[in-house]
Amino acid sequence: MTTPDFMGQSALRGGERGLASVAVLSLLLLFAIGVFVLALAVGGLRGGVVDLLWGGGDPLVLKVVLELRLPRALGAMAVGGLLSVAGVLMQTLLRNPLADPYILGLSGGAACGAILALLMGLSGLWVEGGAWLGALLTMAVVFWLAGSSTGWDGSRLLLTGVVVASGWGAGVSFLLYLVPDDRLRGALFWIMGDLSRGSNPLVTWSVLGVVVAITWPLARSLNLLATGSMRAAALGVAVGPLRILIYLLASLSAAAAVAAAGSIGFVGLVTPHLLRLLGCGDLRVLVPGSVLLGGGLLTLADLLARSVVAPQQMPVGILTAMLGAPVFLWLLQRSSR
Amino acid sequence: MTPLLELRNGRIGVGERLFCQALQWSILPGQCWAVLGPNGAGKTTLLHTLAGLTPLQAGQVWLDNQPLTALSRRVVARSLGILFQEYAYHFPLTVLETVLAGRHPHIPFWSFESDRDRALSLEAMVETGLVGMEERLVSSLSGGERRRMEAAALLAQAPKIFLLDEPTNHLDLNRQIVLLDLFTRKVRQQNGAMVMVLHDLNLAARFCDHFLFLFGTGETLHGTREEMLQESLLHRLFSHPMYPIAHGGGRIWVPG
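(A) Structural view of the sheet that holds strand 1 (residues 5-14) of chain B. Residues and elements named next belong to chain B. On the basis of which strands lie adjacent, the open sheet formed by four strands has the order 2-1-4-5 and antiparallel pairing. Lying at the two open borders of the sheet, with one neighbouring strand each, are strand 2 (17-27) and strand 5 (66-67). Across five bridges, the pairing between strand 1 and strand 4 (residues 58-63) is antiparallel. From the neighbouring strand, R8 faces strand 4, where its bridge partner is Q60. Relative to strand 1, helix 1 (residues 43-50) is tilted by about 135 degrees, and along the sheet it contacts strand 1, strand 2 and strand 4.

(B) Fine view of the packing of aromatic side chains. All names here are of chain B. Tallying each qualifying case throughout the model produces seven aromatic pairs over all chains. Ring geometry for F84 and Y87: centres 5.7 Å apart, planes at 75 degrees, overall edge-to-face. Comparing F84 with Y87 shows no difference in burial state: the two are buried. Between the aromatic rings of F213 and F215, the centroid separation amounts to 6.4 Å while the plane-to-plane angle is 75 degrees, which identifies the pairing as edge-to-face. Look at F215 and you get buried, because its relative accessible area is 10%. Through a chain of ring-to-ring contacts, three or more aromatic side chains come together here, namely F211, F213 and F215. Lying over the aromatic face of W62, R8 brings its terminal NZ or CZ to 3.6 Å of the ring centre.

(C) Here's a closer look at a nonpolar patch on the surface. Side chains of L137, V141, W144 and L145 of chain A sit close together on the surface and give an oily, nonpolar patch of about 390 Å² of accessible area. Looking at where L137 of chain A falls in the secondary structure, it is placed in helix 5 (residues 125-147).

(D) Representation of the environment of V14 of chain B in the model. Residue and element names in this part refer to chain B. Relative to the helices and strands, V14 is located in strand 1. Since its relative accessible area comes to 40%, V14 is described here as partly exposed. Leaving out residues up to four positions away in the same chain, V14 has contacts with F19, T45 and Q57.

(E) Here's a closer look at the pairing of strand 9 (residues 210-214) of chain B. All names here are of chain B. Of all the five residues making up strand 9, five are buried; the element is thus mostly covered by neighbouring parts of the structure. In strand 9, alternate side chains face the same way, and those of H210, L212 and L214 on one face and F211 and F213 on the other are all buried. Linking two consecutive strands that pair antiparallel, namely strand 9 and strand 10 (residues 220-224), is a turn of five residues; a positive phi of about 90 degrees is found at G216 within it.

What counts as what
- Residues numbered from 1 in each chain as written.
- Chains lettered and ligands numbered in written order.
- Predicted model: local features only at pLDDT ≥ 70, side-chain atom pairs only at ≥ 80, totals over all residues.
- Heavy atoms only, no water.
- Pairing = 2+ DSSP bridges.
- Helix = DSSP H or I, 4+ residues; strand = E, 2+ residues; numbered from the N terminus.
- Contact = heavy atoms within 4.5 Å.
- Axes fitted to C-alpha atoms, helices over the stretch in contact; angles between N-to-C directions.
- Phe/Tyr/Trp six-rings, centres within 6.5 Å; stacked < 30°, edge-to-face > 60°.
- Buried < 20%, exposed > 50% of the residue type's maximum accessible area, 1.4 Å probe, protein only.
- Lys NZ or Arg CZ within 6 Å of the ring centre and 35° of its normal.
- Patch = residues over 30% accessible without salt bridge, like charges linked within 9 Å, V, L, I, M, F, W, Y side chains within 5 Å.
- Areas by Shrake-Rupley, 256 points an atom, 1.4 Å probe, with all protein chains shown as cover.
- Salt bridge = Lys/Arg side-chain N within 4 Å of Asp/Glu carboxyl O.

Encoded structure:
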């Protein structure tokens, strides 16, 4: 798999790079805040949201905003951020621009765990627990298999993960075949990705906070890791421990995202590339930038998913792929000229 | 004089193949070494071992009178730098970013690159003839330009010991000489040392005062240029006859 040249045709150049990074991050922050406010304001129950700001307004609207829209927007923001940071880390760790958060099989493991819980007649937190269990099991298995003999070269890890992922894929199909019709919808959730289930945002936000807090200070070392283990080691990076840490953080991010919202495609793969297209390839910008952009994009997508077919709700995972693919291809075309 | 870099009782090999055993090798300040040998004789593995990137089968590498394994990678990278034979570029990077990355071991954990780091990187780019290419993407460079950028990153790292793996790859004749001249000058200035793997015997003879031969069988020989550059030895090393031709007070080696 070779690297296409397109990704670096950046618009931002020159000595003002530092300033440009700050500008990009500020814009992304504004975007994320804007989308977040929009997600609180827009919905089936129209009007009266502005009144809430002045202490007045309809108590029913307040209830809807605080108890339905706020947790959902918070969840979407965190899941989008987790997926994007997991994408950045997986791409760096595997030195492969095609890597996404699920490439090492975490989503398959989570889906299997969750559907198995459904099959056993469990519900609610138990199902989410099943997803966590599946994801963590996958994380441990891939780690153990890939690390056992040759000490973790990138391609071995990738291959191990991809094979484990396809194994889980077969497992998911088999379980879906067994699932009785009345529970099929709940099972499909884990494959399509959906934010309507209302997982506790506290968990996702905590994981996101921990991952970003550990990753950001290491970003300069990660820049080197992306150029190769040997080169990074020659320039003073303790490659072995760093790779293990990044594997754990990336997996944890992906696991938290999947357990909360199923496997939402595309966000984790594309967000880092969108930022690279903007010239933000430095991980010191890429890490916080993709959290903001990914969080914002997913919140926006979820807003659309619950608005376009209202009062029906579409799983957001369908929308991210439906919109994400053409938008990314368009950007790609534009930038390669 | 204490050696800058030392291999003590070194046994190096990959799988079944043995490159050297019980090798005692001291690299003293001011010395420029050339490592010669046929393909697959372990030249690159030897360099990686000296840099602490590949473990030895037996023995130890000593850096500044300390076992290399006892030092952190960061400390090692401040006094020892390596130019790899090949690099891969998976993600878009500019030339300046790549050169600036050479400063990594000198930048404190919580800091960004300082003006000094930037100045040293730009200086390295001047020395390697890359002025004006700061914002070019690495993917847009020619092979020779890329090689010079990699050399510039090593110069920005400013180690005392340079390990160079086929540094002249992709360079035109003039640039080959300019680059090796640059590195040997740095070695003299800071009383450092250089070990390079090279396939061009005449370039090696021009810039190196010491030679290490890897025969590919586990046998090694090392010594001064005068001791090592002899017809019979070179014939055995390359499995091909080599003849000296007198030229301008020196000798040029040609394959028979």
